[in-house]
Amino acid sequence: MKTKSEKPNVFITGVTGYLGGSIADKLLKNGYRVTGLVRTDDAEKIEVLEKRGIQTVIGNLDSIETLTHASQKADIVIHTANVDHISSIYTLVAALEYSGKTLITTTGSSIVADYADGEYAGSVFYDEDTYLNPVSFRKPRVDINAYVRMAAIEKGIRTIVICPSMVYGKGKGLQPDSDQIPKLIGFSKQEGAGLYFGKGLNRYSNVFIDDLTDLYLLALEKAPGGSFFYAENGHNSFREIAEMISEYIGLKGKTHSISIEHLIEFHGEADRLGVASNSLVKSVNARKIGWNPTGPSLEEYFLEITHLEQ
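Residues numbered from 1 in each chain as written. Predicted model: local features only at pLDDT ≥ 70, side-chain atom pairs only at ≥ 80, totals over all residues. Heavy atoms only, no water.

1. Some details on helix α4 (residues 86-96)
Thinking step 1. All of the buried residues in α4 are S88, I89, T91, L92, V93, A95 and L96.
Thinking step 2. Where α4 is buried, its residues meet α3 (64-73), β4 (76-79), β5 (102-106) and α5 (139-154). (Buried < 20%, exposed > 50% of the residue type's maximum accessible area, 1.4 Å probe, protein only. Helix = DSSP H or I, 4+ residues; strand = E, 2+ residues; numbered from the N terminus. Contact = heavy atoms within 4.5 Å.)

2. Here's the deal with unusual backbone geometry
Thinking step 1. The phi dihedral of D117 is positive, around 50 degrees, even though this residue is not glycine.
Thinking step 2. Residue class for D117 comes out buried when judged on its relative accessible area of 16%.
Thinking step 3. Phi angles above zero are rare outside glycine, and K252 is one such case at about 55 degrees.
Thinking step 4. Position of K252 relative to the elements: it lies in the loop between α8 (238-248) and β12 (255-258).

3. Re the environment of E243
Thinking step 1. Looking at the element boundaries, E243 is found in helix α8.
Thinking step 2. Judged by its relative accessible area of 39%, E243 falls in the partly exposed class.
Thinking step 3. Placed 48 residues apart in sequence, E243 and L195 show a C-alpha to C-alpha distance of 8.3 Å.

4. Some points on the side chain of S279
Thinking step 1. Here S279 is to be found in the loop between α9 (260-275) and α10 (284-288).
Thinking step 2. On the basis of relative accessible area, S279 is assigned to the buried category, the value being 0%.
Thinking step 3. Polar side-chain contacts of S279 include one of 2.6 Å to the backbone oxygen of S109.
Thinking step 4. Not counting residues up to four positions away in its chain, the partners in contact with S279 are S109, S110, V112, R203, Y204 and S205. (Polar contact = N/O pair within 3.5 Å; in protein donor to acceptor, adjacent residues only side chain to side chain.)

5. Considering the side chain of S237
Thinking step 1. Assignment of secondary structure puts S237 in strand β11 (residues 235-237).
Thinking step 2. For S237, the contacting residues outside a window of four places in its chain are G200, L201, N202 and R203.

6. A few points about the nonpolar core
Thinking step 1. If you look at the biggest cluster of nonpolar residues, it comprises 60 residues, and the most contacted ones within it are L27 and I78.
Thinking step 2. The element that contributes the greatest number of residues to this core is helix α7 (residues 209-222), accounting for 8 residues.
Thinking step 3. Ignoring any residue separated from it by four or fewer positions in sequence, one finds L27 in contact with V10, I12, Y32, V34, I78, L217 and L220.
Thinking step 4. Of all hydrophobic cores here, the second largest spans 25 residues; its members include L61, A70, L96 and V148. (Core = buried A, V, L, I, M, F, W, Y, C linked by side-chain atoms within 4.5 Å.)

7. Considering the sheet that holds strand β10 (residues 227-231)
Within a sheet, adjacent strands bond to each other through the backbone by hydrogen bonds, running parallel or antiparallel.
Thinking step 1. Across the sheet, which stays open at both edges, the 7 strands sit in the order β3-β2-β1-β4-β5-β6-β10 with parallel pairing between neighbours. Where the open sheet ends on each side, the last strands, each with one partner, are β3 (54-58) and β10. Across the sheet, the mean angle from the axis of one strand to that of its neighbour is 20 degrees, orientation sign disregarded.
Thinking step 2. Here β4 runs beside β5; their pairing, made up of 4 bridges, is parallel. Residue pairing across strands places I78 opposite I104, the latter belonging to β5.
Thinking step 3. Its contacts with the sheet place helix α1 (residues 18-29) against β1 (9-13), β2 (33-38), β3, β4 and β5, and it is angled at close to 170 degrees to β1. (Pairing = 2+ DSSP bridges. Axes fitted to C-alpha atoms, helices over the stretch in contact; angles between N-to-C directions.)

8. Here's the deal with the packing of α4 against α5
Thinking step 1. Taken N-terminus to C-terminus, the directions of α4 and α5 make an angle of 0 degrees; their axes are 11 Å apart at the nearest point. Comparing their axes, α5 and α4 come out roughly parallel. Every residue of α5 that contacts α4 at I86, I89, Y90 and V93 is listed here: P140, I144, Y147, V148 and A151.
Thinking step 2. Classifying every residue of the contact of α4 with α5 by side-chain character gives 9 nonpolar, no polar and no charged. (Parallel < 35°, antiparallel > 145°, perpendicular 65-115°, else oblique. Nonpolar A, V, L, I, M, F, W, Y, C, P; charged D, E, K, R; others polar.)

9. Topic: the sheet that holds β11
Thinking step 1. What the 3 strands build is an open sheet, ordered β7-β9-β11; its pairing is mixed. A strand with exactly one partner marks an edge of an open sheet, and here the two such strands are β7 (166-168) and β11. Between one strand axis and the next, the sheet turns through 40 degrees on average, direction left out of account.
Thinking step 2. Contacts from helix α11 (residues 298-309) reach β7, β9 (203-208) and β11 within the one sheet, and its direction differs from that of β7 by about 25 degrees.

In short, the description is geometric, and any link to function would need to be established separately.
In structure tokens:
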């Protein structure tokens with residue numbers, strides 16, 4: 001039993017990943033106790049995590065008993081591992097049913113993505129009250145977000161859904177790299193030019209990793225049950241991002257377009273939505289609870305890391 005002065009224990013799925021590890025670091029620095037789910041094939045990471053002050057539980061998202069026990073033992077649960085793994089969401093909700101505990105789940109702003117395929121810039125910015133009509137590939141994710149939010153009413157859980165846009169910046173856990181930007185940097189190095197897709201006119205909202213983890217902490221401490229938060233602090237076209245990457249890797253602004261057919265053939269539908277669509281959101285609700293992002297813009301971030309590596 002924790003004392004009155006002791007911070008709650010937070011159970012995090014995906015603690016070895018980019019976002020989960022960064023959230024764990026933020027929580028530890030703010031006095032919270034952290035327990036993380038670690039897959040059996042990641043067992044070599046346990047010692048490193050525990051040296052950082054993170055207790056570990058071995059299992060995976062299909063380990064119903066492990067997830068249930070760890071969730072019920074914790075005061076707060078934050079789910080960052082594989083946001084499309086629907087059965088794990090059902091397990092976590094069932095484990096916390098009528099407990100009044102906090103469950104924060106993670107989604108992503110591709111729920112508002114279109115099929116622009118780089119050909120045009122988006123003009124619609126989605127806020128938390130905008131009606132969503134997602135592309136069919138993302139409808140299951142929208143449905144599970146709604147299920148989690150309704151659990152605040154129907155299941156007696158303080159549920160919160162956080163929806164990051166494109167995240168950039170060095171992770172604070174075991175995984176330093178986010179998804180979209182590092183992939184684009186890698187592809188660009190291979191091709192000898194900053195890459196974009198189609199005309200590269202499509203625009204994506206983005207957020208700095210430290211600002212994003214600030215939002216998780218703020219939501220944990222202040223948000224009412226059933227809340228949904230977009231996380232963004234700016235937006236860029238992928239043509240602009242290609243130019244930033246080109247300068248960063250020393251190609252002096254040289255860019256190159258990749259066809260959408262090539263993108264789909266080699267990288268699939270998820271990457272099509274991640275780099276060739278428009279995904280523009282507004283963090284209206286986050287700012288209402290006091291979220292004030294202060295990190296560098298994406299352009300400022302590239303200038304900083306370019307300077308550091310010279």
